[in-house]
Amino acid sequence: MTRIFLFFMWLVHFLPLPVIEAIGRFLGGLVYYFGRRHVTRTNLALCFPEKSQAERKHIAQQLFKNLGGAFMQASVLWWSPPSRVTELCDLQGREHLDALRGQPVILLSPHFTGLDIGGARVGYEWQLVSMYSEQKNKAFDKVLLAGRKRFGDPHLVTRSQGLRPVLKYLKQGFPFLYLPDMDFGPRDSVFVPFFGVPTATVTTLSRLCEMTGAKVIPSITKRVNGKYQTTLYPPWDNFPGASAEEDAARMNQFIEDRVREAPEQYFFVHKRFKTRPPGEPSIY
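Residues numbered from 1 in each chain as written. Predicted model: local features only at pLDDT ≥ 70, side-chain atom pairs only at ≥ 80, totals over all residues. Heavy atoms only, no water.

Draft legend 1. Quick look at the overall build of the protein. Scanning the protein for helices and strands turns up 11 helices and 9 strands. Expected size for 284 residues packed as a compact globule is a radius of gyration near 19 Å; at 19 Å, the protein falls within 12% of this value. Burial analysis of the protein (284 residues in total) assigns 51% to the buried set. Here the protein displays about 13500 Å² of accessible surface, and carbon together with sulfur accounts for 55% of that area. (Helix = DSSP H or I, 4+ residues; strand = E, 2+ residues; numbered from the N terminus. Rg over C-alpha atoms; globule rule 2.2 N^0.38 Å. Buried < 20%, exposed > 50% of the residue type's maximum accessible area, 1.4 Å probe, protein only. Areas by Shrake-Rupley, 256 points an atom, 1.4 Å probe, with all protein chains shown as cover.)

Put into structure tokens, the structure is as follows:
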């Protein structure tokens, strides 16, 4: 079945970009009824209590369509000429990364639906470092890994290797594409607000900056006017701050502000609030 699916994706990459997205949005709309609908709507109820149930349902449905569209367009990243990624995604704010070329930089990259497309777009311009989760399905893992290596020959570090190789590459001046906004459990986490909810948040970002002197440049990829747009924001001043809790809260607030701009493009399918403070019941 995996080979059939991959063959289908290979055929899809020959189609025009709008057609690929339309197929993905259609399939994503169907997956809404079979996927993590409960998790998504629970997250939205926590984060947007001011919205009506109908409004949150609409956001959830649009989210699944956006996920489907981005997933189908991954076929472009896997097999199309690398230059075609520039047709798929614009890059804004590149001057912020150019100004720090050769210095330690962490690209703070939250989980928006266009994350992989944005990563490929930035990787087309700069040789990056990123962490890679090996897939259980070997055939799919091979295609995914090969696809990620097509843009700028990145340094891919498996999670089993830990952060030691990342530190080495950071100190050598390779930007680190870092995805911090998932629930990794209580270890190395602090509870700070995210949409007003105490949320287990890893403190790795500030620790990496302390160890390497790296600057943080947020990198957000959104769908804008029918096309993806990756925006590199100005590097953060005064980071790290006075404490790990302060740094984690600052990161969450920045992500929250960006999510409020396009909630239907954020990965609310994740169990972001799974780890609770001691004594609090499970949300899901």
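Draft legend 2. Here's a closer look at helix H8 (residues 138-148). Listed as buried for H8 are Phe-140, Asp-141, Val-143, Leu-144 and Gly-147. Mapping the buried residues of H8 onto a view down its axis gives an arc of 165°, with all of them on the same face. Along H8, the residues that are exposed and aim more than 90 degrees away from the buried face are Lys-138 and Lys-142. Capping the start of H8 is the job of one residue whose side-chain oxygen sits 3.1 Å from the backbone nitrogen of Ala-139: Asn-137. (Arc of directions from axis to C-beta. Polar contact = N/O pair within 3.5 Å; in protein donor to acceptor, adjacent residues only side chain to side chain.)

Draft legend 3. Structural context of the packing of aromatic side chains. Within this structure, the stated rule accounts for 21 aromatic pairs. Considering the side-chain rings of Phe-112 and Tyr-266, the 5.4 Å spacing of their centres and the 70° angle between planes classify their relative orientation as edge-to-face. In this pair, Phe-112 sits in the loop between strand S2 (105-108) and helix H7 (115-125) while Tyr-266 sits in the segment after helix H11 (244-261), placing the two residues 154 residues apart along the sequence. Summarising the burial analysis for this pair, Phe-112 and Tyr-266 share the class buried. (Phe/Tyr/Trp six-rings, centres within 6.5 Å; stacked < 30°, edge-to-face > 60°.)

Draft legend 4. Representation of H11 in the model. Taking 1.5 Å per residue as the helical rise, H11 with its 18 residues ought to reach 26 Å, and the 26 Å between its terminal C-alpha atoms agrees with that figure. Looking at the buried positions of H11, the neighbouring elements they touch are S2, strand S6 (189-194), strand S7 (197-202), helix H10 (204-212) and strand S8 (215-224). (Expected span 1.5 Å × (residues − 1). Contact = heavy atoms within 4.5 Å.)

Remember that the coordinates give geometry; whether it matters functionally is a separate question.
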